[in-house]
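One letter stands for each residue in the lines below.
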Amino acid sequence: MAESQVRNTRSQLGLQWLKDVVNGLSNSRNELYSPFSYLLYSNTAPSDSEIALIRKFIAATQLELTFTNVDSKRNIQQDTLARYTAFVRVHDAILSPIRKIPSELLEKIFRHYATSIIQWQHVSRIQLPWVLSQVCQRWRAIVLRVPSLWSHVPAIHLLDKRRKTQTTIKYLNELFARSRDAPLTFNIYAPRQEYDTHPVLDVLVHHSERWQVLTIESSCITINALQRSRGRLSSLHTLTLDIGRFPGTSVIDIFKDAPRLREVNITGHYPHALFLPWSQLTRYREVVLTRGGRNEVYSASHLEILVLSIACDTTIIPVTTLCHLKILRITWSHTMLDVEPFFQNLTLPAIREILIGCLHLISFQSFVL
């Protein structure tokens, strides 16, 4: 390509700042100046006139680079060429279509993305919503005005260390402020500890009305440390209790008055007594190592899905009709017994699927109706 052609291109553009780019190609110490620096460090959408100028700038600079690459008389260092190539590339990014997406549409995309990520229990501080809020000022402003993006709290580890506890409290208070009145989803994690009181639990109890999905992996003592939330669980929908220590004579009645509670999962050890609003539950799953007391699940007349792990000595159930039950999955913990005693008192007019199995024999039978 002739040098006159490049000069004609410069003349047609009539841009004084382009001369600085061209002159800089022979001087590696020259600073790279862009008249669009205010766009380079943001995701602001350029105007139509700015788009036209940026395209001309990119085209002319690419011509200059092409001419320089084929002109052996000019002594151009490779690192200088690389810098200018990168300079062109970042200006090309200004023309990205994502800059023109309306904020309202970006907000919908963020909401959809947030619901498609891995299960909330495994969300960490480098994932949503933090990863979105650190892209640019515009994205951060959008994320900060969507409370639901801040309502899925990463696992809350209860610790004895005072400094870390204070850091956790500050962190939670900031999250709860950003999530405003959005329903909360969180996991209290203390599988090897027992706390009858803890400053972090006090913070959580303060927001009891906002609990929607709650998981507790700890002992009955830790669960009962939330006693002050009883009667305030107006939003609680899903409850998971993983009781890691033998409960003894422990009684759990915190969740008895939760008008919206529909799904309950119990693993680990079953407490001596567990009071739940059985009549309103639609899903119940119980896979426990030991059972401390009577199971009231058969009084849950609105159940649609029931999953149970049953010990050998509790196979006889009272006369029960579960009118809404559609899926029943039963697993015997030790030895596969005759299933007839279990079903002889059970009436299931709406049942669609039954799965019967034994963990000891790794044997399952399924019936789809």
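Keep in mind it's a predicted model, so treat the numbers as computed, not measured. (Residues numbered from 1 in each chain as written. Predicted model: local features only at pLDDT ≥ 70, side-chain atom pairs only at ≥ 80, totals over all residues. Heavy atoms only, no water.)

When helices and strands are counted, the chain shows twelve helices and 14 strands. For the chain, the proportion of its 369 residues judged to be buried stands at 43%. Counting only contacts in the chain whose residues sit at least 6 apart along the sequence, the fraction spanning at least 24 positions is 58%. Total accessible area on the chain stands at roughly 20000 Å², and carbon and sulfur atoms take up 52% of it. (Helix = DSSP H or I, 4+ residues; strand = E, 2+ residues; numbered from the N terminus. Buried < 20%, exposed > 50% of the residue type's maximum accessible area, 1.4 Å probe, protein only. Contact = heavy atoms within 4.5 Å. Areas by Shrake-Rupley, 256 points an atom, 1.4 Å probe, with all protein chains shown as cover.)

Before going further, it helps to examine the packing of aromatic side chains. In this structure the tally under the stated criterion is five aromatic pairs. Their ring planes at 80 degrees and their centres at 5.5 Å tell us that F186 and W211 sit as a pair that is edge-to-face. With F186 in strand β2 (residues 184-189) and W211 in strand β3 (residues 211-218), the pair connects residues that are 25 residues apart, well separated along the chain. Residue classification places F186 among the buried residues on the basis of a relative accessible area of 0%. A connected cluster of aromatic rings, assembled from ring pairs, spans W130, W150 and Y171. Stacked on the ring of W150, the Lys or Arg R178 has its end atom at 4.6 Å from the ring centre. (Phe/Tyr/Trp six-rings, centres within 6.5 Å; stacked < 30°, edge-to-face > 60°. Lys NZ or Arg CZ within 6 Å of the ring centre and 35° of its normal.)

With that out of the way, let us pick up the nonpolar core. Grouped together as the largest cluster of nonpolar side chains are 74 residues, with contacts concentrated most on L204, F255 and Y284. Contacts of F255, omitting those with residues within four sequence positions, involve L214, I216, I223, L233, L236, L239, L241, L261, F275, L276 and P277. Core analysis: the second largest hydrophobic core is formed by eleven residues, F36, I58, L65 and F87 among them. (Core = buried A, V, L, I, M, F, W, Y, C linked by side-chain atoms within 4.5 Å.)

The final tally for this structure, using the stated rule, is eight salt bridges. Salt-bridge contacts for R232 lead to E209; the nearest nitrogen and oxygen are separated by 2.9 Å. Linking R232 in the loop between α11 (220-224) and β4 (238-243) with E209 in the loop between α10 (199-206) and β3, this pair joins segments that are 23 residues apart in sequence. Judged by its relative accessible area of 25%, R232 falls in the partly exposed class. A relative accessible area of 34% means that E209 is categorised as partly exposed. (Salt bridge = Lys/Arg side-chain N within 4 Å of Asp/Glu carboxyl O.)

Per-residue pLDDT for the chain averages 80, and the proportion of residues at 70 or more is 75%. At the low end of the mean pLDDT range in the chain sits helix α1 (residues 3-13), at 44; at the high end sits α10, at 97. Scored below 50 in pLDDT, residues 6-16 makes 14 contacts in the model with residues more than four places away or belonging to other chains. Counting contacts from residues 24-29, a segment whose pLDDT is below 50, to residues more than four positions away or on other chains yields 18 contacts. (pLDDT = per-residue confidence, 0-100.)

Our focus in this paragraph is the pairing of strand β9 (residues 305-310). For β9, a buried count of five out of six residues is recorded, marking the element as mostly surrounded by other parts of the structure. Relative to strand β11 (residues 327-332), β9 is paired through six bridges, and the arrangement is parallel. Its bridge partner lying in β11, S309 is registered against T331. (Pairing = 2+ DSSP bridges.)

To continue, consider the side chain of H91. Looking at the secondary structure, you find H91 in helix α5 (residues 78-93). When near neighbours in sequence (up to four residues on either side) are disregarded, H91 contacts S34, F36, L40, I54, F57 and I58.

Right, let's get into the packing of helix α9 (residues 162-179) against α10. Where α9 contacts α10, the axes come no closer than 9 Å and their chain directions differ by 15 degrees. Relative to α10, α9 is oriented roughly parallel. Considering only the axes of α9 and α10, their crossing is right-handed. Between α9, through T165, T168, I169, L172, N173 and F176, and α10, the contact on the second element is made entirely by P199, V200, V203 and L204. Grouping the amino acids of the contact of α9 with α10 by side-chain chemistry returns seven nonpolar, three polar and no charged. (Axes fitted to C-alpha atoms, helices over the stretch in contact; angles between N-to-C directions. Parallel < 35°, antiparallel > 145°, perpendicular 65-115°, else oblique. Left-handed = near helix turned anticlockwise from the far one by under 90°. Nonpolar A, V, L, I, M, F, W, Y, C, P; charged D, E, K, R; others polar.)

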